[in-house]
There are 2 protein chains.
Amino acid sequence: MLILNNAEVTKLIDMRECIAALEDAYRELAHGRSVSAVNSDAITPGCLHDTIYQFKLNGGVIPNVGIAALRLDSDIIKREPRRQVKLALAPGGRYTGLIMLFSTETSEPLAIFPDGIVNPMRVAAASALGAKYLARPDSHTVALIGAGWQARSQVMAIVATHEVRVIRCYSPTAERRDAFCREMQHLTGVKMESCDSAERAVSGADIVLCATNTNETLFFARWLKPGMHVGTIRGAELEPAAVMQADVLAVHERKLSGASAVAKSVVLAKDRMAIPGVDIERLPTLPEIIAGMVPGRTTPQQISCFLNLRGIGLQFAAVGAVIYRKALAKGIGRELPTEWFTEDEVS
Amino acid sequence: MLILNNAEVTKLIDMRECIAALEDAYRELAHGRSVSAVNSDAITPGCLHDTIYQFKLNGGVIPNVGIAALRLDSDIIKREPRRQVKLALAPGGRYTGLIMLFSTETSEPLAIFPDGIVNPMRVAAASALGAKYLARPDSHTVALIGAGWQARSQVMAIVATHEVRVIRCYSPTAERRDAFCREMQHLTGVKMESCDSAERAVSGADIVLCATNTNETLFFARWLKPGMHVGTIRGAELEPAAVMQADVLAVHERKLSGASAVAKSVVLAKDRMAIPGVDIERLPTLPEIIAGMVPGRTTPQQISCFLNLRGIGLQFAAVGAVIYRKALAKGIGRELPTEWFTEDEVS
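Residues numbered from 1 in each chain as written. Chains lettered and ligands numbered in written order. Predicted model: local features only at pLDDT ≥ 70, side-chain atom pairs only at ≥ 80, totals over all residues. Heavy atoms only, no water.

(A) The pairing of strand β7 (residues 96-103) of chain B, seen in detail. Residues and elements named next belong to chain B. By the criterion of burial, β7 is predominantly enclosed, with eight of the eight residues buried. Going residue by residue along β7, you find T96, L98, M100 and F102 tucked away on one face and G97, I99, L101 and S103 tucked away on the opposite face as well. With eight bridges connecting them, strand β5 (residues 67-79) and β7 associate as antiparallel partners. Its bridge partner being in β7, R71 is matched across the sheet by I99. The antiparallel pairing of β7 with strand β8 (residues 109-114) creates a hairpin that spans five residues between the two strands, and S107 there sits at a positive phi of about 80°. (Buried < 20%, exposed > 50% of the residue type's maximum accessible area, 1.4 Å probe, protein only. Helix = DSSP H or I, 4+ residues; strand = E, 2+ residues; numbered from the N terminus. Pairing = 2+ DSSP bridges.)

Spelled out as structure tokens, the structure:
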């Protein structure tokens, strides 16, 4: 049983490997050879005022890479009017999110590591795969709305799937946006332009990526142009009319929410994923498009839209398999006795 | 982060503590102050011929004991005509089933240990609570059908809730049944009688406990007597007419199966929990009865039946809280650095 930390995970996978692993896993999924566990959220009131405790379980099994993965989040969340903030209350001011890998050949636990690197990486990798199959291949100008950790990963992912010449970034705070642009230009070598409005960022863009933590509309239908591709990680980011006008529309997974179990006294916040008037369950999925079961974009003039609204537990198995294989090959991580995590009792 | 093994877990909890912990947790659940995560099963073909790989995730959160728990099973299962057999393919010929505890106050991981002791214990504790609230308090004669690991726990549990004078046990193999009776009589001090037919075991019993791994009917309606209580851990064990004739009928949880995700090529075995003609979703639950929201038995003549067909993830939080508290108090287990299982990345 291998224990890895985030610094090690960072060294063990890059965005191109992550995208390739997901692309393979999605093909397996579409053909019914791999599965995602049903996302489960268990939510109770938190101990502190105005907080909730959220216990999230995701999982997936991919037999052809021999891996089953659990992703578990134990989160204390403070609810603010326009967003939710996770509190770092674990010792040392830390968060608790874990990925655990198991062998489908022997059942044994193989590795455990935090989810903080993989989580935004797999979200962005799915967005970039959406763009790969739905956006024009000759898309060179990207608009990015957001300058947080999700936006950061979106940049790393889109430059891996497209020959991006410029990324025009908007987020409300100028200072933060400028710093983000400098950092990402340095990291990727791609020109980053800081824009003082979303509309300015979007103007002339081939691909628009919304990657924020907001409950408010950021992208409006009137900004759509023929040939444009729009991606979102929160349904609330897009004006519903913009989604309705897309000629090619796909969703990451048809189930919008997981199977929730919520304590009676918790009043859930508004679902930031739902898009009024859009029936997610009738849309084709990215895995179906990747597997060639449903067409993606067929003409350069089409407007396309990818709704990356909910993760698939299987992503953690796909990405975890790469990390585990490379950790073994490079001798990275701390080994614990596997028998600490197995048993001779059958039950 | 505490690592415990099964030998340590055995020392840290006994059946009375387990039953008491569940009773409290069920009251919290009925009042909407705690929740079970939605059981999730992800199933794919296994690597070996005629096997499946099953990745099971259960969980629960009980704020008043400060614990969230995951129970995870990574199982390779061989399907035989009349039963399913888990294969011990982890190194050393071992199985993989884990319970992991988290703090609802800080989010941090607290402990990880195998599930082999807790699993049958919590099943039997729920059955015994069913008997506590549904059987006659003056029940002294118990019939037990089965002599495996589930039956073993059922004995330990029923002697904790009732003043049992004799347990009349039937299972098909005489040698195994006799050995089981000798062992359980030695362990509990309660007289065990080995019976060569189920009907003989049931004759004169106040409480009948079916605890087998079969797909076949073991208990028939014609054996019912006024005042009798019947418990089952598999719907298939009872003739449906026996369930229909119960005056007081309750189920552990209304959802019969978890949220399953099954790879296309896997043909699922017959559901051994379903009882033809019985609509589980309309039955009262044990937690509701414990909380006094629904009456249990009201007269000595009633026939009662408890369908302990599916676990509740919350059981692992309830029992885990006791184990963790006592492990800390007694200084039992191996400590790993908590920061190996937490992170400073928010995601």
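So much for the structure itself; the text now carries on.
(B) Representation of the relation of the copies chain A and chain B. Rotating chain A by 180° about the axis while translating it 0.0 Å along that axis superimposes it on chain B, leaving an RMSD of 0.0 Å. Read as a symmetry element, the transformation amounts to a two-fold axis. When the interface residues of chain A are mapped onto chain B, 100% of them are again interface residues, pointing to one common binding face. (Least-squares fit on C-alpha atoms with pLDDT ≥ 70 in both. Contact = heavy atoms within 4.5 Å.)

(C) Here's a closer look at the sheet that holds strand β9 (residues 141-145) of chain A. Residue and element names in this part refer to chain A. Strand order in this open sheet of seven strands is β11-β10-β9-β12-β13-β16-β14, and the pairing throughout is parallel. Sheet topology places β11 (191-194) and β14 (248-251) at the edges, where each strand pairs with a single neighbour. Across this sheet, the average inter-strand angle for adjacent strands is 15°, counted without regard to direction. Note that strand β12 (residues 207-210) and strand β13 (residues 229-232) share four bridges and pair parallel. When the sheet's bridge partners are listed, I207 is paired in β13 with H229. (Axes fitted to C-alpha atoms, helices over the stretch in contact; angles between N-to-C directions.)

(D) Seen up close, helix α3 (residues 118-134) of chain A. With 17 residues, α3(A) extends 24 Å between its outermost C-alpha atoms, agreeing within 8% with the 24 Å of an ideal straight helix rising 1.5 Å per residue. Most of α3(A) sits inside the fold, with 15 of its 17 residues counted as buried. (Expected span 1.5 Å × (residues − 1).)

(E) Spotlight on helix α2 (residues 15-30) of chain B. Residues and elements named next belong to chain B. Its 16 residues give α2 an end-to-end C-alpha distance of 22 Å, which sits within 8% of 22 Å, the value for a rise of 1.5 Å per residue. For α2, the complete set of buried residues consists of M15, C18, I19, A21, L22, E23, A25, Y26, E28 and A30. Buried residues along α2 sit in contact with β4 (51-62), α3 (118-134), α4 (149-161), α8 (286-290) and α9 (314-330). Where α2 begins, the capping side chain belongs to D14, and its oxygen is found 3.2 Å from the backbone nitrogen of R16. Looking one or two residues beyond α2, the residue adopting positive phi is G32, at roughly 75°. (Polar contact = N/O pair within 3.5 Å; in protein donor to acceptor, adjacent residues only side chain to side chain.)

(F) Broad picture of the interface of chain A and chain B. Chain A puts 76 residues into the contact, and the matching count from chain B is 76 residues. Of the roughly 6300 Å² buried between chain A and chain B, counting both surfaces, carbon and sulfur atoms make up 66%. Taken together, the links from chain A to chain B amount to 22 residue pairs in polar contact (both at pLDDT 80 or more). Those elements that place two or more of their residues in the side of chain A that touches chain B are β2 (35-36), β3 (40-45), β4 (51-62), β5 (67-79), β7 (96-103), β8 (109-114), α3 and β15 (259-262) of chain A. For the side of chain A that touches chain B, the residue count by class is 40 nonpolar, 23 polar and 13 charged. (Buried area = accessible area lost by both parts, 1.4 Å probe. Nonpolar A, V, L, I, M, F, W, Y, C, P; charged D, E, K, R; others polar.)

(G) Region of the structure containing the confidence of the model for chain A. Here chain A averages 94 in pLDDT, and 98% of its residues register 70 or above. Here the predicted complex scores 0.94 on pTM and 0.93 on ipTM. (pLDDT = per-residue confidence, 0-100.)

(H) Quick look at the packing of helix α2 (residues 15-30) of chain A against α3(A). Residue and element names in this part refer to chain A. The contact between α2 and α3 brings their axes to 9 Å, and the two run at 70°. One element, α2, and the other, α3, form an angle in the roughly perpendicular class. Pair α2 / α3 crosses with right-handed handedness. For the pair formed by α2 and α3, the contact residues are M15, C18, I19, L22, E23, Y26 and R27 on the first element and M121, R122, A124, A125, A126, A128, L129, K132 and Y133 on the second. Residue composition of the contact of α2 with α3, grouped by class: 12 nonpolar, no polar and four charged. (Parallel < 35°, antiparallel > 145°, perpendicular 65-115°, else oblique. Left-handed = near helix turned anticlockwise from the far one by under 90°.)

(I) Summary view of the packing of aromatic side chains. Summed over all chains, the structure comprises eight aromatic pairs over all chains. When the centroid spacing of 5.7 Å and the interplanar angle of 85° are considered together, the rings of F219(B) and W223(B) count as edge-to-face. Here the aromatic rings of F220(B) and W223(B) are separated by 5.3 Å at their centres, their planes lie at 75°, and the arrangement is edge-to-face. Sitting over the ring of W340(A), R334(B) keeps its end group 5.5 Å from the ring centre. (Phe/Tyr/Trp six-rings, centres within 6.5 Å; stacked < 30°, edge-to-face > 60°. Lys NZ or Arg CZ within 6 Å of the ring centre and 35° of its normal.)

(J) Summary view of the pairing of β4(B). All names here are of chain B. In terms of residue burial, β4 counts as a mostly covered element, since 11 of its 12 residues are buried. Bridge analysis of strand β2 (residues 35-36) against β4 gives two bridges, and the strand direction is antiparallel. Paired with S36 across the two strands is G60, which belongs to β4. Where strand β3 (residues 40-45) lies against β4, six bridges are found, and the strand directions are antiparallel.

(K) The nonpolar core, seen in detail. One finds F55(A), L70(A), F55(B) and L70(B) to be the most contacted residues of the largest nonpolar core, which totals 51 residues. Of all the secondary structure elements, the ones that give two or more residues to this core are β3, β4, β5 and β7 of chain A together with β3, β4, β5 and β7 of chain B. Core analysis: the next-biggest nonpolar cluster, separate from the first, contains 49 residues, V118(B), L129(B), V248(B) and I290(B) among them. (Core = buried A, V, L, I, M, F, W, Y, C linked by side-chain atoms within 4.5 Å.)

(L) Spotlight on the sheet that holds strand β12 (residues 207-210) of chain B. Residue and element names in this part refer to chain B. The seven strands lie next to each other as β11-β10-β9-β12-β13-β16-β14, forming an open sheet whose pairing is parallel. Across the chains shown, the open sheet's two edge strands, defined by having one partner strand only, are β11 (191-194) and β14 (248-251). For this sheet the average axis-to-axis angle between neighbouring strands, irrespective of direction, equals 15°. Contacts from α4 reach β9 (141-145), β10 (166-170), β11 and β12, with the element oriented near 165° to β9. In the packing of helix α5 (residues 174-188) onto the sheet, the strands contacted are β9, β10 and β11, and the crossing angle to β11 comes to about 175°.

(M) Structural detail: the pattern of salt bridges. All names here are of chain B. For the coordinates displayed, the defined rule picks out 32 salt bridges over all chains. R334 is the partner of E8 in a salt bridge, and the nearest nitrogen-oxygen pair spans 3.1 Å. With a gap of 326 residues between them, E8 in helix α1 (residues 6-12) and R334 in strand β17 (residues 334-335) connect regions that are remote in the sequence. Judged by relative accessible area, which is 12%, E8 ranks as buried. Assessed through its relative accessible area of 26%, R334 is described here as partly exposed. A salt bridge links K326 to E17, with the nearest nitrogen and oxygen atoms 2.8 Å apart. Of this pair, K326 sits in helix α9 while E17 sits in helix α2; the two residues are 309 residues apart in sequence, bridging distant segments of the chain. For K326, a relative accessible area of 18% puts it in the buried group. Overall, the relative accessible area of 23% leaves E17 in the partly exposed class. (Salt bridge = Lys/Arg side-chain N within 4 Å of Asp/Glu carboxyl O.)

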